[in-house]
Amino acid sequence: MPDKKLILQSSPHFKDRDSVPKIMYAVIVSLAPAVIASLYFFRLRAVILLLACVIACVATEALFLWVRKRPFHSLYDGSAVITGILLALTLPPSLSLELAIIGAVVAIALGKQIFGGLGYNIFNPALVGRAFLQTAFTADMTTWIPSLTDKIDTATYATPLGLLKFQDAVAQGILTPLKNLFLGNTGGCLGETSALALILGGLFLLFRRVIDWRIPLGIFLSLTAFTGIFWIADPGKYASPLFHILAGGFLIGAFFMATDLVTSPLSPLGTWIYALGIGFTIGLIRLFGGFPEGVMYSILFMNAFVPLLNRYARPRILGERRKE
Amino acid sequence: MSLSTRMVAVLTSVGLLSGGFLAGVGLLTKERIALNKQQEIEEKISAVVPGTYSIEKFYEEKDLTVYGGKDKEGKLIGLAIHASGMGFQDKITFMMGTNTSLTKIFSLAILEQTETPGLGAKVDDKKSFLRFWENKDCSSILTLRKPAASSPEELGTSEINTITGATITSEAILNTANSSLERVRQLIKEGKVSSEGQDAN
Amino acid sequence: MPTKTIREEFVKGLWDENPIFRQLLGMCPTLAVTNAVINGFAMGLATSFVLIFSSVVVSSIKKLIPNQVRIASYIVIIATFVTMADRFLAAFFYPISKELGPYVPLIVVNCIILGRQEAFSSKNTVGRSLIDALGMSLGFVLALLILSSIREILGMGTFLGHQVMGSWFKPWIIMVLPPGAFITLGILLAIALQIERKTKSRR
């Protein structure tokens, strides 16, 4: 890396054998269960979208490095591959190939390289790409197909959260069973349907200490508290916290998106504020917003606060006086 | 002349000149602007109440205006309800044509909307939304079909189709339509809106 | 004190002091009404009308206005022309006026106009002020046209309402929404800065 001048953390500094590529490859390994689950549930559609996103991300990265006359070094660190996989996993299976490619190009170009490449971006690149697609092609991004098929049916099909939001699923008794949410046999984005696969990958990352345990825990706690209060108040109208944890993009967001090392805060206090904020915003959007799902916007929203949190929730330097 | 007198004099004369000038411009364009607005409304009324020859305004309140469409002989052939209600982004204003006894909707036309292009904005699109409003039975409350049906034939006689991905917008229009129908029924009872006339069908 | 030729006075508005790309003035209409070429163009013309006439009037009565009330006087003069433009559009171009909505009256607070009065017309002759206003207006219209063309073509697949992209093209709706305005303007500014840097280093 040519820019090794700034380390924004107080001492002690440990030197260990972790390196950017090593961390990135651990993330790729941890995504394997989710990728396999998506291949199982959505067959050919998953293969096409995953390949398209990864190739487009890497190609865009290479193009920018070439234009900016930077060494191709950072192409091999795997970060573009991760962005590609994460983006693909958050796309609806029925999305057409060219839209997926547009999303991938935007993710790398507007989400990452415009800010100066890996380490400089404010927002999670994969989510920038997805947010762009969501706004640009809303209809395509909200068309879903049932799992265990790769056929695109024109009949509309709702995700578990869509049923909850627009068809009053709790009162009507058509809420998706938790077992389906856990295993993944339901509609939704490629990689978010199977809670089991995501939890396996997340535990691997926690075990390897690649991600900060405070982030998934904080998001989990605040979302559970928020949805729990309403559920206890009126279980005939609101879904249980467990449903909110297993449905939609919560798990992929909490384990793989919010924990992005570049776009999450440095200090423990900042991390707690960041994580609790994400969970709260998810609950707010899901229960009272116009969209059925709010994980993407919540993470992007809190990403914007990270520079601020790094400044104000800085740990005290050893010997520094507490401010009056 | 002292400075303050000069300041007052300059500002006053600039203000007076500008005011006089604008008064002239206002006078010149006033009629034309009113005409533009009226023309737009008249066009929509004739579109939603087929066979309209002349128009009479029956009643007006906030967010609701009721017009009557008359044929060549001056006989009332339908009502045009000009109503607005909150959509997803902002107010949506539409014109709904009904028969005089308020049991049937001829059709619906949108006058103003600022919904999301490609989604909610489809309310102004014949193929995705407006055609599902043609010839609907509105003697009972209109309901929304969720998820959307693909053709008008699949819908019930007083069922309206949702725009895929814009449930909130579709619901907003439906609610405004239901509440304004209810209000007009009440107005007819109070004698504020005339329903004398012959139904087209 | 003229240091520039008449030609330079005119040309500077097109690039060196372009109100949008170089001075970053008038961002509100730039971002808000460039969702279609016709809107951007109408906005550009309305602003140009106000700018040109305000500049001429201000520069011709600049000696009469006491320094203390100059801003107030400028605003009244500008507001007069804005109201004229607004009424004129509503009377003769009703659909465009409806589309532009509150943004025509908002020309009053467009920094380009007040900025040119303060920085130029109040210090220069009528002739030079006119040339300056013409140049700035053209620069503004061109910038709005570039921005709105990109947004309309990508966002609707049309140019001036005519289909220009094939049926394979799926409109990027984000481009006609506010985020599209920011993204497009950001990219255009980056390109403008890059061009400026290149030409400077060559000089």
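As a reminder, the structure under discussion sits directly above these lines.
On a predicted model such as this, the values are computed, not experimentally measured, just so you know.

## As for the overall build of chain C
In terms of helices and strands, chain C carries eight helices and two strands. Moving toward the C terminus, one meets the helices and strands of chain C in the order α-α-α-α-α-α-α-β-β-α. On C-alpha atoms alone, chain C measures out to a radius of gyration of 18 Å, which is about the 17 Å that the 2.2 N^0.38 rule sets for 203 residues. C-alpha atoms of chain C, sized along the principal axes, occupy 60 × 50 × 25 Å. Burial analysis of chain C (203 residues in total) assigns 47% to the buried set. In chain C, the proportion of contacts linking residues at least 24 apart, taken out of those at least 6 apart, comes to 74%.

## Re the packing of aromatic side chains
Applying the stated criterion to the full structure yields 19 aromatic pairs over all chains. On the numbers, 5.2 Å between centres and 70° between planes, the contact of A:F230 with A:F288 is edge-to-face. Residue A:F230 is located in helix 10 (residues 214-233), and its partner A:F288 is located in helix 13 (residues 268-288); the two are separated by 58 residues in the primary sequence. Ring centres of C:W168 and C:F169 lie 5.7 Å apart, and the angle between their planes is 90°; this geometry places the pair in the edge-to-face category. For C:W168, a relative accessible area of 63% corresponds to the exposed category. An aromatic cluster of three or more residues is present, and its members are A:F226, A:F230, A:Y238, A:F280 and A:F288.

## Comments concerning the nonpolar core
For soluble globular proteins, the rule of thumb is that nonpolar side chains tend to be buried together. A:L89, A:I219, A:Y274 and C:W172 are the most contacted members of the largest nonpolar core, which totals 85 residues. With 17 residues, helix 1 (residues 20-67) of chain A is the single largest residue contributor to this core. Core analysis: the next-biggest nonpolar cluster, separate from the first, contains 41 residues, C:V50, C:I77, C:V108 and C:L188 among them.

## Digging into the sheet that holds strand 3 (residues 76-86) of chain B
All names here are of chain B. The strand order 1-2-3-4-5-6 describes an open sheet built from six strands, whose pairing is antiparallel. For this open sheet the edge positions go to strand 1 (54-61) and strand 6 (136-137), each flanked by a neighbour on one side alone. As defined by bridge partners, strand 5 (residues 104-112) adjoins strand 6 across two bridges and the pair is classed as antiparallel. Considered in strand 6, the bridge of K104 is made with D137. The strands that helix 1 (residues 3-48) touches are strand 1, strand 2 (64-70), strand 3, strand 4 (91-98) and strand 5; relative to strand 5, the one it contacts most, it runs at about 155°. In the packing of helix 2 (residues 167-189) onto the sheet, contacts are made with strand 1, strand 2, strand 3, strand 4 and strand 5, and the angle to strand 3 comes to roughly 130°.

## Focus: the packing of helix 13 of chain A against helix 14 (residues 295-303) of chain A
Residue and element names in this part refer to chain A. Contact geometry for helix 13 and helix 14: axes closest at 8 Å, N-to-C directions at 145°. In terms of crossing hand, the pair formed by helix 13 and helix 14 is right-handed. In contact with I273, Y274, G277, I278, T281, I282, I285 and R286 of helix 13, helix 14 contributes V295, Y297, S298, I299, F301, M302 and N303. Among the residues forming the contact of helix 13 with helix 14, the class breakdown is ten nonpolar, four polar and one charged.

## Side note on the pattern of salt bridges
Counting across every chain of the model gives 21 salt bridges over all chains. Residue B:D63 pairs with B:K62 through a salt bridge whose shortest N-O separation is 3.5 Å. Judged by relative accessible area, which is 28%, B:D63 ranks as partly exposed. Of the residues examined, B:K62 reaches a relative accessible area of 67% and is grouped as exposed. Here B:K126 makes a salt bridge to B:E134, at a shortest N to O gap of 2.4 Å. A residue is classified by how much of its surface remains accessible, and B:E134, at 31% relative accessible area, is partly exposed. Each of the salt bridges in this network shares a partner with another, and the network as a whole consists of C:E9, C:K12, C:R116, C:R128 and C:D132.

## Let's talk about empty space enclosed by the protein
Residues and elements named next belong to chain A. One pass over the structure, following the stated rule, counts one cavity of 30 Å³ or more. In this structure, the largest cavity spans a volume of roughly 290 Å³. Every residue lining the largest cavity is counted, 22 residues in all, and those nearest its centre are M24, I82, L86, D260 and L261. Looking at the lining of the largest cavity, the element that brings in the most residues is helix 2 (residues 79-89), giving four residues. Here the lining of the largest cavity is built from residues that sort into 15 nonpolar, five polar and two charged.

The rules behind each value
Starting afresh in each chain, residues are numbered from 1 along the sequence in its written order. As they are written, the chains are lettered A onward and the ligands numbered 1 onward, keeping that order. pLDDT decides what is reported in this predicted model: residues at 70 or higher carry local features, side-chain atom pairs at 80 or more are listed and counted, and totals for whole chains, interfaces and linings draw on all residues regardless. Side-chain numbers come from the whole structure's heavy atoms, not from hydrogens or water. The secondary structure listing takes helices from DSSP runs of H or I that are at least 4 residues long and strands from runs of E that are at least 2 residues long, numbered from the N terminus. Using C-alpha atoms as the atom set, the radius of gyration is obtained and then compared with a globule rule of 2.2 Å times the number of residues to the power 0.38. The rule is simple: take the accessible area with a 1.4 Å probe, protein chains only, and divide by the maximum for that residue type; under 20% is buried, over 50% is exposed, in between is partly exposed. When checking whether two residues touch, look at their non-hydrogen atoms; a contact exists if any pair is within 4.5 Å. Side-chain rings of Phe, Tyr and Trp (the six-membered ring for Trp) are treated as a pair once their centres are within 6.5 Å; stacked means planes under 30 degrees apart, edge-to-face means over 60, and tilted covers the remaining angles. Each nonpolar core is a collection of buried residues, namely Ala, Val, Leu, Ile, Met, Phe, Trp, Tyr and Cys, held together in the definition by side-chain atoms within 4.5 Å. At least two bridges found by DSSP between two strands is the condition for calling them paired. Angles here are taken between N-to-C directions and fall from 0 to 180 degrees, while the axes themselves are lines fitted to C-alpha atoms, restricted in helices to the stretch in contact. By definition, turning the near helix anticlockwise from the far helix through less than a right angle yields a left-handed crossing, and turning it clockwise yields a right-handed one. Classification convention: Asp, Glu, Lys, Arg as charged; Ala, Val, Leu, Ile, Met, Phe, Trp, Tyr, Cys, Pro as nonpolar; all other residues, Gly among them, as polar. For this analysis, a salt bridge means a side-chain nitrogen from Lys or Arg found within 4 Å of a carboxyl oxygen belonging to Asp or Glu. Any residue with an atom within 4 Å of a point lines the site, the site being either a cavity, points on a 1 Å grid over the protein atoms alone where a 1.4 Å probe fits but cannot get out, or a pocket, an open set with protein on both sides within 12 Å along at least 5 of 7 lines. Grid points are joined across faces, edges and corners, and a volume is the space filled by probe spheres set on the points.

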